[in-house]
Amino acid sequence: MFASLRSRVAFVTGGGSGIGAATSLMFASQGVKVAVVDVNHEDAEGISQRIERLGGEAIAIAADISKPEQVQSAVLKTVEKFHRLDIAVNNAGIGGDQAETSDLAVDSWRRVNSINLDGVFYCMKYEIPEMLKNGGGSIINISSILGQVGFARASAYVAAKHGVVGLTQAAAIEYGPRKIRVNAVGPGFIRTPILSGLSEEMLKSMAQLHALKRIGEPDEVAALITFLASSEASFITGSYYAVDGGYLAS
Ligand code: NAP
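Residues numbered from 1 in each chain as written. Predicted model: local features only at pLDDT ≥ 70, side-chain atom pairs only at ≥ 80, totals over all residues. Heavy atoms only, no water.

What follows covers the overall build of the protein chain. Across its full length, the protein chain carries eight helices and seven strands. Overall, the C-alpha framework of the protein chain stretches about 45 × 35 × 35 Å when taken along its three principal axes. Counting every position in the protein chain, which comprises 250 residues, the buried fraction comes to 52%. Here the contacts in the protein chain between residues at least 6 apart in sequence split such that 71% fall between residues at least 24 apart. When the 22 basic and 25 acidic side-chain charges of the protein chain are each reduced to a single mean position, those positions are 6 Å apart. (Helix = DSSP H or I, 4+ residues; strand = E, 2+ residues; numbered from the N terminus. Buried < 20%, exposed > 50% of the residue type's maximum accessible area, 1.4 Å probe, protein only. Contact = heavy atoms within 4.5 Å. Lys, Arg positive; Asp, Glu negative; His and termini not counted. Charge placed at Lys NZ, Arg CZ, Asp CG, Glu CD.)

Turning next to helix α8 (residues 218-229). Spanning twelve residues, α8 covers 16 Å between terminal C-alpha atoms, matching the ideal 16 Å at 1.5 Å per step. Where α8 is concerned, the buried positions are P218, V221, A222, L224, I225, T226, L228 and A229. (Expected span 1.5 Å × (residues − 1).)

Taken together, 28 residues sit near the ligand, with S17, D38, N91, Y157 and T192 positioned nearest. In this structure, D38 approaches the ligand through a side-chain N or O atom, which is 2.7 Å from an oxygen atom. Interatomic distance of 2.7 Å between a backbone N/O atom of N91 and an oxygen atom of the ligand. In isolation the ligand exposes 880 Å². Once the protein is present, 88% of that is buried. Mapped by element, the contributors of at least two residues to the shell around the ligand are α1 (18-29) and α6 (155-175). Tallied by class, residues from the shell around the ligand come to 15 nonpolar, ten polar and three charged. (Near = heavy atom within 4 Å. Polar contact = N/O pair within 3.5 Å; in protein donor to acceptor, adjacent residues only side chain to side chain. Areas by Shrake-Rupley, 256 points an atom, 1.4 Å probe, with all protein chains shown as cover. Nonpolar A, V, L, I, M, F, W, Y, C, P; charged D, E, K, R; others polar.)

Counted according to the given criterion, the structure contains six salt bridges. Here K133 makes a salt bridge to E130, at a shortest N to O gap of 3.1 Å. In this pair, K133 and E130 are both assigned in helix α5 (residues 118-133), three residues apart and thus about one turn of the helix distant. You can call K133 exposed: its relative accessible area is 61%. E217 is the partner of R191 in a salt bridge, and the nearest nitrogen-oxygen pair spans 3.5 Å. In this pair, R191 is assigned in the loop between β6 (180-187) and α7 (200-207) and E217 in the loop between α7 and α8, connecting sequence segments 26 residues apart. (Salt bridge = Lys/Arg side-chain N within 4 Å of Asp/Glu carboxyl O.)

In a pair of packed helices, the angle between the axes and the distance between the axes together describe the arrangement. Relative orientation of the contacting elements helix α3 (residues 68-82) and α5 amounts to 30 degrees, with a least axis distance of 9 Å. Of the possible angle classes, the one that applies to α3 and α5 is roughly parallel. Classified by chirality, the crossing of α5 by α3 is right-handed. Contact with α3, carried on its side by P68, V71, Q72, V75, L76 and V79, involves Y122, C123, Y126, E127 and E130 of α5 and no other residues of that element. (Axes fitted to C-alpha atoms, helices over the stretch in contact; angles between N-to-C directions. Parallel < 35°, antiparallel > 145°, perpendicular 65-115°, else oblique. Left-handed = near helix turned anticlockwise from the far one by under 90°.)

When you line up the elements, T23 lands in helix α1. Note on T23: relative accessible area 0%, which makes it buried. Engagement of the side chain of T23 in a polar contact is seen with the backbone oxygen of I19, the distance being 2.7 Å.

In this description, a pair of aromatic rings is defined by centroid distance and the angle of the planes. Tallied over the entire structure, the rule returns four aromatic pairs. Of the aromatic side chains, those joined through ring pairs into one cluster are F151, F189 and Y247. Over the ring of Y126 we find K125, and its NZ or CZ is 5.7 Å from the ring centre. (Phe/Tyr/Trp six-rings, centres within 6.5 Å; stacked < 30°, edge-to-face > 60°. Lys NZ or Arg CZ within 6 Å of the ring centre and 35° of its normal.)

See the structure below:
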């Protein structure tokens, strides 16, 4: 599909599950060598082994992206293994506790922001110097529809995902002249374990919030990420792209 991706090296956080796992597998199908990075090492190992069984190259790395020293070490391990870094998908995230803003515990606010926003910053902080060594790269930060609009009982998540869009734009301006493209992807509701706490009833009513009247699938997000990672997206940077079945259209 995208010949430009062959032999590129990608760092995918949250690569052991959901959107990150689908992206790791789609990248591998295009000849990308993948560092599957996840706090859940077993899941990362499972995806890495699947890639190798399919004839691709991968490494599983356990790291908590809310810890800058773990992110730095994960980036170094990737470069030690594959000798360069071309693509980063800063995807790992959590849903967090559901509560109205004044009822939200300070620790819940901090936990969501430490992973969903600070974690993306830590990743970029350590990925960018490696990309500069190769003369450029492509970073895709996973935001959400909730990086564009509000949602009740999710203020920490909404704030973090809006922050990811701003961080993306700032970095795109800084590093555009040095050939690093930085974009944000905003999924609608996607069928992954992050939604596992929701009943079928709730999923059905969430489906109705999308123009296509269904929840999305991880591969539908991975396809957009894969395009943005490729040279076919060479004039695209600093943008937010929705893959949301029309959620934001209404
Ligand atoms: P998922 O299936 O739960 O995958 C997220 C992965 O990230 C999991 O393997 C998780 O491990 C890992 N992770 C969590 N905290 C981490 C940390 N501190 N360091 C490293 N890895 C960590 O969820 P997903 O739906 O694919 O979500 C991926 C991204 O898409 C998230 O940023 C999410 O906010 C965003 N998104 C999802 C949806 C949706 O409806 N699914 C919609 C919009 C945006 P554990 O399983 O051990 O927690």
